[in-house]
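Analysis of the macromolecular model
Take a look at the letters that make up each chain.
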Amino acid sequence: KVVTVSDDGSDNISMVNQKAAAGYPHNVQDTEWYKKLPAFDMPLPQYRHATYRGFQVEGDSMLPDFRPEDWVLAKAVESLNLATNNKVHIIVMYDSVLLKKIEKQNDERTLKLISTNEIYPPYTIETKDIQELWEVTSKLTFSVNEHSENSILKKLENSMEELKAQLNRVSSNTENKD
């Protein structure tokens, strides 16, 4: 993995936005290309002693957990043997960058990729087509109030109130007929 370092020698976290992700698979070993990416040093202990990279989320296949425009911070996984089943990963193929849950297969030649958005069915890829693997450890989001648990609870409360009102109307109509 190519890393950039800060002035004090710490690994930087390079940020790969949606536009850069299109060229990422073709520039995996190009050290000059990485220098053009924004990078920063995260001063938290969780981001020490490992290589991290940030990727911007594109598409809706990982809703509701990851929204388009969110960023994920991911830790380098040195080999597929060290990858954790059912965790979300960035999978860098030779032609694309994917955000999916992974499920290792017994044959060790294939890997099942799973979206959290149920409208997208799981599919299998060949492990030989993987250039890099990154385990997602955290995300940055700019949609904090959108679709949060509070708004979901509010929707449920509103639905319950509507149901109560409908039941009251039905019961009053029934009483009026008697």
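Everything that follows concerns the structure shown earlier in this document.
Below is a summary of the structure that appears in this document. This structure is a prediction, so every number in the text was calculated from the model and none was measured.

Some thoughts on the overall build of the protein chain
The secondary structure content of the protein chain amounts to three helices and nine strands. Start at the N end of the protein chain and walk to the C end: the helices and strands fall as β-α-α-β-β-β-β-β-β-β-β-α. Expected size for 178 residues packed as a compact globule is a radius of gyration near 16 Å; at 22 Å, the protein chain overshoots this value by more than 25%. Overall size of the protein chain, expressed as C-alpha extent along the three principal axes, is 80 × 40 × 30 Å. Looking at the protein chain as a whole, 37% of its 178 residues qualify as buried. If you take every contact in the protein chain between residues at least 6 apart in sequence, the share linking residues at least 24 apart comes to 60%. As displayed, the protein chain has an accessible area near 11,500 Å², and 50% of this comes from carbon and sulfur atoms.

What about the pattern of salt bridges?
It is possible for side chains bearing opposite charge to pair when their charged atoms get close. Applying the stated rule across the entire model yields eight salt bridges. For the salt bridge of Arg48 with Asp41, the shortest nitrogen-to-oxygen distance reads 3.0 Å. In this structure, the salt-bridge partner of Glu135 is Lys87, at a minimum N-O distance of 3.9 Å. Residue Glu135 is located in strand E9 (residues 130-140), and its partner Lys87 is located in the loop between strand E4 (71-76) and strand E5 (88-93); the two are separated by 48 residues in the primary sequence. In the salt-bridge network here, residues are joined through shared partners; they are Glu126, Lys128 and Asp129.

Regarding the environment of Glu157
Among the structural elements, Glu157 can be located in helix H3 (residues 149-177). Placed 127 residues apart in sequence, Glu157 and Asp30 show a C-alpha to C-alpha distance of 53 Å.

Examining the pairing of E4
For E4, the tally of buried residues reaches five of six residues, placing the bulk of the element in the interior. Bridge analysis of strand E3 (residues 52-56) against E4 gives five bridges, and the strand direction is antiparallel. Residue Phe55 lies in a different strand from E4, and its bridge partner there is Val72. Taken together, the six bridges between E4 and E9 define a ladder with antiparallel strand orientation. Its bridge partner being in E9, Ala76 is matched across the sheet by Trp134.

Remarks on the sheet that holds strand E1 (residues 13-16)
Spatial ordering of the open sheet is given by E2-E1-E3-E4-E9-E5-E6-E7-E8, a layout of nine strands whose pairing is mixed. In this open sheet, the two strands that pair with only one neighbour each are strand E2 (39-40) and strand E8 (123-126). Inspection of the sheet shows E1 paired to E2 by two bridges, in the antiparallel sense. Looking at the pairing, Ile13 lines up with Phe40 of E2.

Details of the side chain of Asn117
Note on placement: Asn117 falls in the loop between strand E7 (110-114) and E8. The class of Asn117 is buried, set by a relative accessible area of 14%.

About the criteria used
Residues numbered from 1 in each chain as written. Predicted model: local features only at pLDDT ≥ 70, side-chain atom pairs only at ≥ 80, totals over all residues. Heavy atoms only, no water. Helix = DSSP H or I, 4+ residues; strand = E, 2+ residues; numbered from the N terminus. Rg over C-alpha atoms; globule rule 2.2 N^0.38 Å. Buried < 20%, exposed > 50% of the residue type's maximum accessible area, 1.4 Å probe, protein only. Contact = heavy atoms within 4.5 Å. Areas by Shrake-Rupley, 256 points an atom, 1.4 Å probe, with all protein chains shown as cover. Salt bridge = Lys/Arg side-chain N within 4 Å of Asp/Glu carboxyl O. Pairing = 2+ DSSP bridges.

Taken by themselves, the reported measurements are silent on function.
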